[in-house]
Amino acid sequence: MAFLYTPSHPGTVPRPTEKTSAGAASSGAGRVERAAVPPPKVRIPFTTAASVTRQRLMRLIPAEPPAVPGEGPDVLLLCAPAGSGKTTLLADWARQVAVLPDAEIGEGRPGEESSGKQEEGTGREGAGTEEAGTVGARGRAVVAWVSLDADDNDVFRLWSALLTSLEATGAWGPGSTLHRLAPPHGPVEPGFLAAVARALEEATARVWLVLDDTQELHDPDALHSLGELLRITPGGPAVVLSGREEPPLALHRLRLEGRVREIPAHELTFTREEAERLLDASGVRLPPDRLGLLVDRTEGWAAGLRLAALSLPGAPDPSAVIGEFSGDDRGVTDYIVGEVVHHLPAHVRRFLLDTSVCDRLSVGLAAALSGRGDAGEILDRLERGNVLTVRLGRTGDWYRYHSLLLGCLRAELRRGDMAAWLRLHRTAARWYAGHGMPDEALEHAVASEDPDLAAELIEAHGPHQILGRGGAPLRRLLAGAPAGLTARPAVALVSALASLLSGDRPGAEARLHALGRTPADHPQRALRVLHASIEVNRARLGGDVPAALARLDAVGTGPTGNPDIDLIALVGAGTARMWLGDHDTAERNLTDALRLAGATGLDYLALVCLGNLGAVASCRSDLGGTDRRARAAVEFAASRGWEHTSTCAFPFGLLAWAAHQRLDTRAAREYASTAMSLLHDHMEATVELSVRATDAAVAADTAGDAHSAAARMHEVWLRMDRRHSPPSLIAYSAPAVQRLALQVGETAWAVGAVQRTRTLLGPGGEWLLLRAVARAHGGRPDAARRVLRPVLNGSAPCVVATTAVHAWLLEAVLAERSGNTYRSHEAVARALEAAAPREILRPFRDAGETVRTLIARGTGRFGRHEAFAARLLTALPVPSAAPAALTASEQRLLLELPSMRTTEEIAAALHVSPNTVKTHLRGIYRKLGVRSRRDAITAARRRGLL
């Protein structure tokens, strides 16, 4: 392609000198002198078999001109870029006007949508022979058509074409004034215009006069004569003006008179459905995703879609063709050069090239790139002239070029002047940096291949971009950067941080390894703090978090002179301390960071802070706070279009946990499913384990296979360790792991949970709770209550508040079984007291049906927690009547079933015969509705009988 210095279109077209006698002569008069008019010039153009008729647009064009002058618009203006389908639209409309009955014009026949293939019987008498008049004579309206070209800048030729087209409609008889009119050889005179007005009144049908390609007219006399025609047309033919830009015909006056109807250029943009039909007419079928991509790439531009359709048939991989389809495509390039760019003046073509390095342009940016003071005027002229240029906002000073034009320009600039390409990127980078737009500045700095400029801007703005948009954009930007740039310490650290926050731990470690330094090795304090903060984030993905946090504390987290690095350190330290159990310090750090992030518009950081503050609330068993903060995080992410990114896995997991604790099974399942779908291979270990543990716990409520759910929970439990699992996650998980294991008869899993809890959390309240449950399950209720006593009196500290609730409920059940109803009521009241402020419901469900009975029996005696007790009665399942039917002997046998003893061993322990044990066992199975010993244990656990 070569259009940089092609001479522009000449300002004036030489007037033709050849003349001929044309038209019918009046009676007794000589022949009227007119220029020769080629038949195709006044013929309605044929549409190709691969075009489509768009009824949506047909409805925007009236079927007939106004019957009475002034009743409606009689000038239709259609201005749109080259290749938008203007001529095809008007040609299809002209044929429908002439052929269809009034009721169908612009609507199409019921159930039909034309494919654009012309059929017999529609007025066409053979390809290449259809004159304008031969179509119109059969309809209630007739259409005269003139395809304008450069020759029509001669008034004599222009009016020869106009009169010949009108005559061809058959709306004027042989002896009419129209047939006797001779076009003027110069500016139109009043006498000629008066004769034209008289002639137009003699029409025997309503007439449309279509003037296509009005952008070809620039001669002042020709334009003046056309303007005079519009002035005198009321009562005569209605005029359709179609071109790439609005012709200078004083249309503002006609608008004030209500005589102009306009079809905006954007209406011609192909919809997805229209694009599908266009491709189908060319024999091309695409899957929905590829079709959507093609429509996006072409922006619905008719010429772009048609060129793509031509390149797809026969292609070995049509999807690859679409993926690579751009302005650099040969067909697209040839069309844009020939139809869009070639006719522009040389300085405008140079302007387009110079400004093509940017996706969007302001007037100031365009002036900086082009070095022209009239950049605003050129952009305005390009937009008004429909040169594939779009103004962003009705009155704004930002513009953009059509994506295919942009691709064409960029390809030409890179091929023809690579030095200019790089220089223009440097100019853009500096302009954006100077106007407070660091994201764009970084993009152009890297593209400029200027390592000094890129390093300067990355160090100054890289952390800010990461905090505002996450690590993915900068990571993609630096993926193809030269090694000399990414080896610089500041760039390497920023790149490593971007990789970490995108979940790419290997990429981050590669950057840090290539750097070959420790945090203490950097001479600048800001880089020391940044490096240490990165180490903390890396440790959270799989490393020693306490050691990394100690290194960050060693370099200090005070002001570094770079507020963005200070925030990175603050959030990293706060998050690490939260996982280590220092909730108060973590909340202070994260709250301060959230406030600063909101004040400076750092959206990504604000999202991270909201999610982590929700986690702090969950660590404190604050369900209301967890729900509010996690929901705020999700809503904030949705407002930025980030709700489907991995950063939202944690907030959705927190929402699932809160819903699970509130016994809202449906919401818990929905949130857990969403959180799981957002996990990826390089997630932060603590986040992944938290989400998976919550999902497994929720599945235990909804899965049909209880053993499978217990196995999932046990698998997650075994992955927890001190380095990557916060104490709160372990404390919440341990009772669930033990309970599920006991319910499905996996005694070894339950025993292992007790031992592992002591290893991970020490000999605190959680470990004692699990020991007490094990004693009770083994038929030693008194021993269980002795083990539980330090938890109940507060001498054994608990990591999470739910542990105390579980402990008091176990005490209540054991006291009830021993016949101590006073103690069982007291224990339930203490459980309500611990649970009510935090709205904790789950432990009451997990404790079994006995708890609901105790709450119901104690109603009216729970004081200020009476409302919470009533809420629990509504939420907890009503006990089944089946357990009451068990006899005392059956209940004694039921307590033996979780043991590993055989029937004979149980019979010996109960001092009965094996046959008696078998009889009682059949009774248990029948009353619990089960068929096996394992299922009987599961059913009994769910009913609170074990």
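Residues numbered from 1 in each chain as written. Predicted model: local features only at pLDDT ≥ 70, side-chain atom pairs only at ≥ 80, totals over all residues. Heavy atoms only, no water.

With that out of the way, let us pick up the overall build of the chain. Scanning the chain from terminus to terminus reveals 47 helices and ten strands. By the burial criterion, 53% of the 946 residues in the chain qualify as buried. Long-range pairs, those at least 24 residues apart, make up 71% of the contacts in the chain with a sequence separation of at least 6. When the accessible area of the chain is evaluated, it comes to approximately 39700 Å², of which 51% is carbon and sulfur surface. (Helix = DSSP H or I, 4+ residues; strand = E, 2+ residues; numbered from the N terminus. Buried < 20%, exposed > 50% of the residue type's maximum accessible area, 1.4 Å probe, protein only. Contact = heavy atoms within 4.5 Å. Areas by Shrake-Rupley, 256 points an atom, 1.4 Å probe, with all protein chains shown as cover.)

Phi is positive for A250, close to 55°, though the residue is something other than glycine. Mapping A250 onto the fold places it in the loop between β6 (238–243) and α8 (251–256). Residue A250 is classed as partly exposed on the basis of its relative accessible area of 33%. With a phi close to 60°, E839 is a non-glycine residue in the positive phi region. Relative to the elements of secondary structure, E839 occurs in the loop between α40 (821–835) and α41 (842–846).

Before going further, it helps to examine the sheet that holds strand β4 (residues 141–147). Reading across from one edge, β4-β5-β6-β3-β7 is the order of the five strands in this open sheet, with parallel pairing throughout. In the strand order of this sheet, the two ends are held by β4 and β7 (260–263), each with one partner. In this sheet, neighbouring strand axes are inclined to one another by 15° on average, regardless of whether the strands run parallel or antiparallel. Strand direction decides the pairing type here: strand β3 (residues 75–79) and β6, joined by five bridges, are parallel. Counterpart to L77 in the pairing with β6 is L241. (Pairing = 2+ DSSP bridges. Axes fitted to C-alpha atoms, helices over the stretch in contact; angles between N-to-C directions.)

Another point: the side chain of T214. By the element assignment, T214 lies in the loop between β5 (206–212) and α7 (220–232). Beyond its immediate stretch of four places on either side in the chain, T214 contacts L148, L241, S242, G243, E245 and P247.

Two measures describe an aromatic ring pair: the distance that separates the ring centres and the angle between the ring planes. Per the counting criterion, the structure on display carries ten aromatic pairs. Ring centres of W301 and Y335 lie 5.8 Å apart, and the angle between their planes is 70°; on these two criteria the pair is classed as edge-to-face. In this pair, W301 sits in the loop between α10 (288–298) and α11 (302–311) while Y335 sits in helix α13 (residues 330–341), placing the two residues 34 residues apart along the sequence. W301 sits in the buried class, given a relative accessible area of 5%. (Phe/Tyr/Trp six-rings, centres within 6.5 Å; stacked < 30°, edge-to-face > 60°.)

Close contact between helix α9 (residues 272–281) and α10 brings their axes to 10 Å; oriented N to C, the two are set at 105°. One way to sum up the angle between α9 and α10 is to call them roughly perpendicular. The segment α9 lies against α10, with R272, A275, E276 and L279 engaging P288, D289, L291, G292, L294 and V295. By residue class, the composition of the contact of α9 with α10 is six nonpolar, one polar and three charged. (Parallel < 35°, antiparallel > 145°, perpendicular 65-115°, else oblique. Nonpolar A, V, L, I, M, F, W, Y, C, P; charged D, E, K, R; others polar.)

A separate point is the side chain of D92. Along the chain, D92 turns up in helix α2 (residues 86–99). For the buried D92, no salt bridge is present, and the opposite-charge side chain at shortest range is R95, 4.8 Å distant. Each residue touching D92, except ones within four places of it in the same chain, is listed here: T47, V52, T53 and M58. (Lys, Arg positive; Asp, Glu negative; His and termini not counted. Salt bridge = Lys/Arg side-chain N within 4 Å of Asp/Glu carboxyl O.)

Residues I336, L382, Y401, Y432 and L530 are the most contacted members of the largest nonpolar core, which totals 150 residues. Element by element, the count of residues in this core is highest for helix α29 (residues 603–619), at eleven residues. Excluding anything up to four places from it in sequence, L530 contacts L493, V494, L497, I565 and I568. Of all hydrophobic cores here, the second largest spans 65 residues; its members include M713, W717, V805 and F844. (Core = buried A, V, L, I, M, F, W, Y, C linked by side-chain atoms within 4.5 Å.)

With 15 residues, helix α36 (residues 747–761) should cover 21 Å at 1.5 Å per step; its first-to-last C-alpha distance of 21 Å lies within 8% of that length. In the core, the buried residues of α36 are packed alongside α34 (706–719), α35 (727–743) and α37 (765–777). Immediately downstream of α36, the backbone of G762 shows phi near 85°, a positive value. (Expected span 1.5 Å × (residues − 1).)

Let us now look at the pattern of salt bridges. Throughout the structure, instances matching the rule amount to 51 salt bridges. Beyond isolated ion pairs, a larger network of salt bridges with shared partners links R54, R56, E267 and E274.

Counting through the fold element by element, N153 comes out in the loop between β4 and α4 (155–168). Note on N153: relative accessible area 2%, which makes it buried. Of note is the side chain of N153, whose polar atom sits 2.9 Å from the backbone oxygen of E216. (Polar contact = N/O pair within 3.5 Å; in protein donor to acceptor, adjacent residues only side chain to side chain.)

Right, let's get into the sheet that holds strand β10 (residues 398–401). Across a sheet, strands are paired by hydrogen bonds formed along the backbone, either parallel or antiparallel in direction. Pairing within the open sheet is antiparallel, and its three strands lie in the order β8-β10-β9. This sheet does not close on itself; its edge strands, each paired only once, are β8 (361–362) and β9 (389–392). Relative to β10, β8 runs antiparallel, the two sharing two bridges. Residue pairing in the sheet places L361 in a bridge with Y399 of β10. Against the sheet, helix α16 (residues 375–384) makes contact with β8, β9 and β10, and its axis sits at roughly 110° relative to β9, the strand it touches most.

Further remarks concern the packing of helix α27 (residues 563–580) against α29. The geometry of α27 relative to α29 is characterised by a closest axis approach of 10 Å and an angle of 20° between their N-to-C directions. In this view, α27 runs roughly parallel relative to α29, as classed from their interaxial angle. Every pair of crossing elements has a handedness; the one defined by α27 and α29 is left-handed. Facing L567, V571, T575 and M578 of α27, the residues of α29 in contact are L605, V608, C609, N612, A615, V616 and C619. (Left-handed = near helix turned anticlockwise from the far one by under 90°.)

Look at α37: 18 Å from first C-alpha to last across 13 residues, which is about the 18 Å you get at 1.5 Å a residue. Within α37, the full set of buried residues consists of G765, E766, W767, L768, L769, L770, A772 and H777. After α37 finishes, the residue G779 shows a positive phi value of roughly 80°.

Next up on the list: the environment of V188. Mapped onto the elements of the fold, V188 is located in the loop between α5 (177–180) and α6 (190–201). On a C-alpha basis, the gap between V188 and A222 in space is 8.8 Å, while along the polypeptide they are 34 residues apart.

A separate point is the confidence of the model for the chain. Overall, the predicted model of the chain reaches an average pLDDT of 85, with 89% of residues at or above 70. Strand β1 (residues 20–21) is the least confidently modelled element of the chain, averaging 37 in pLDDT, while helix α15 (residues 363–370) averages 96, the highest of any element. Overall, residues 1–30 carries pLDDT values under 50, and its contacts beyond four positions in sequence, including any with other chains, amount to 64 contacts. Confidence over residues 100–139 falls short of pLDDT 50; this stretch has 77 contacts with residues more than four positions distant or in other chains. (pLDDT = per-residue confidence, 0-100.)

Below, the discussion takes up the environment of W398. Within the secondary structure, W398 sits in strand β10. A sequence separation of 32 residues divides W398 from A366, and the C-alpha atoms of the two residues are 9.6 Å apart. Apart from residues no more than four positions distant in its own chain, W398 is found in contact with R360, L361, S362, V390, R391, L392, W431, Y432 and M437.

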